[in-house]
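Structural characterization, general
Listed below, chain by chain, are the residues.
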Amino acid sequence: MFERLLNKEKEPTQEEIQQHLGKTHFNLLTDLETFLKNNYDINSALKFPFGNNYGWGNKYSHKSKHLFYLFFERQAFTITIQIGKNELKRFYDTFDDLSPKTRTLWESKYPCGEGGWIHYRVTTEDELVDAVKLIKIKKPPIK
């Protein structure tokens, strides 16, 4: 159901990405990108970063600070974000405000140093709200 764009030899066009996500999830992506543009000096780049199982996605950065990767899926997208040592206090300060899904994802994170990587699949507006909370933990808005 959540197939990714896995053909490394063919960079997808914006139209192909939109079609792959579907209208609802492309609109969620647009909402996310609007939030990013309104709150950060955002840079994004289309990448095929981690090998054949992750596929095509966008890398988002604030200036030179990496924020997260977003992988395109059919009827969804997944945000891959690292919460590192420097973000742990902000993370735990907002932990009770996060959804049960997000807290469960943290408990099963891929460990990295004192923090870890979360792979957050966004399929609904409520999930996008929590994904944005993670981005704000990673880097508080500047604007």
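What about the overall build of the protein?
In terms of regular secondary structure, the protein is built from 5 helices and 6 strands. The linear arrangement of helices and strands in the protein, starting from the amino end, is α-α-β-β-β-β-α-α-β-β-α. Against the 2.2 N^0.38 benchmark of 15 Å for 143 residues, the protein shows a C-alpha radius of gyration of 15 Å, consistent with a compact globule. Once the C-alpha set of the protein is aligned to its principal axes, its extents read approximately 40 × 30 × 25 Å. Within the protein, the proportion of its 143 residues that are buried is 43%. Roughly 7,900 Å² of accessible area belongs to the protein as shown, and the carbon and sulfur atoms make up 48% of that amount. Side-chain charges of the protein comprise 22 positive and 19 negative groups, with the mean position of each set lying 5 Å from the other.

Some details on the layout of surface pockets
Empty space within the largest pocket amounts to approximately 170 Å³. Taken together, 13 residues make up the lining of the largest pocket; nearest its centre are Q14, E33, S44, N58 and Y60. Of all the elements in the fold, those that place two or more residues in the lining of the largest pocket are α1 (14-21), α2 (23-39), β1 (42-47) and β2 (57-62). Of all the elements, α2 adds the most residues to the lining of the largest pocket, at 6 residues.

Some points on the packing of aromatic side chains
The final tally for this structure, using the stated rule, is 13 aromatic pairs. Note on F91 and F95: the rings are 5.7 Å apart at their centroids and 65° apart in plane angle, and the pair reads as edge-to-face. Side by side, F91 and F95 carry an identical accessibility label, which is buried. A ring pair is formed by Y92 and W106, whose centres lie 6.3 Å apart and whose planes are at 85°; its orientation type is edge-to-face. Remark: W106 occurs in helix α4 (residues 100-107) and Y92 occurs in helix α3 (residues 88-94); sequence separation between them is 14 residues. Classification of Y92 by relative accessible area gives partly exposed; the value is 47%. Grouped by ring-pair contacts, the aromatic residues F50, Y54, Y69 and F71 constitute a single cluster.

Focus on the pairing of strand β3 (residues 65-73)
For β3, a buried count of 7 out of 9 residues is recorded, marking the element as mostly surrounded by other parts of the structure. By the bridge criterion, 5 bridges tie β3 to strand β4 (residues 76-83) in an arrangement that is antiparallel. Note on β4: the bridge partner recorded for L70 is I79.

Points about the pattern of salt bridges
If the charged atoms of two oppositely charged side chains come close together, the side chains can form a pair. Applying the stated rule across the entire model yields 10 salt bridges. Among the ionic pairs, E3 bridges to R74, the shortest N-O distance being 2.6 Å. With a gap of 71 residues between them, E3 in the segment before α1 and R74 in the loop between β3 and β4 connect regions that are remote in the sequence. Of the residues examined, E3 reaches a relative accessible area of 37% and is grouped as partly exposed. One salt bridge connects E127 with K101, and the closest N-O pair in it is separated by 3.1 Å. Placement of the pair is E127 in helix α5 (residues 125-138) and K101 in helix α4, with a sequence separation of 26 residues. You can call E127 buried: its relative accessible area is 15%. Residue class for K101 comes out partly exposed when judged on its relative accessible area of 29%. One salt-bridge network, held together by shared partners, links R4, E73 and R121.

Rules and cut-offs
- Residues numbered from 1 in each chain as written.
- Predicted model: local features only at pLDDT ≥ 70, side-chain atom pairs only at ≥ 80, totals over all residues.
- Heavy atoms only, no water.
- Helix = DSSP H or I, 4+ residues; strand = E, 2+ residues; numbered from the N terminus.
- Rg over C-alpha atoms; globule rule 2.2 N^0.38 Å.
- Buried < 20%, exposed > 50% of the residue type's maximum accessible area, 1.4 Å probe, protein only.
- Areas by Shrake-Rupley, 256 points an atom, 1.4 Å probe, with all protein chains shown as cover.
- Lys, Arg positive; Asp, Glu negative; His and termini not counted.
- Charge placed at Lys NZ, Arg CZ, Asp CG, Glu CD.
- 1 Å grid on protein atoms, 1.4 Å probe; cavity = no way out; pocket = protein on both sides within 12 Å on 5 of 7 lines; lining within 4 Å.
- Points joined across faces, edges and corners; volume = space filled by probe spheres on them.
- Phe/Tyr/Trp six-rings, centres within 6.5 Å; stacked < 30°, edge-to-face > 60°.
- Pairing = 2+ DSSP bridges.
- Salt bridge = Lys/Arg side-chain N within 4 Å of Asp/Glu carboxyl O.

Nothing here speaks to function; it is geometry throughout.
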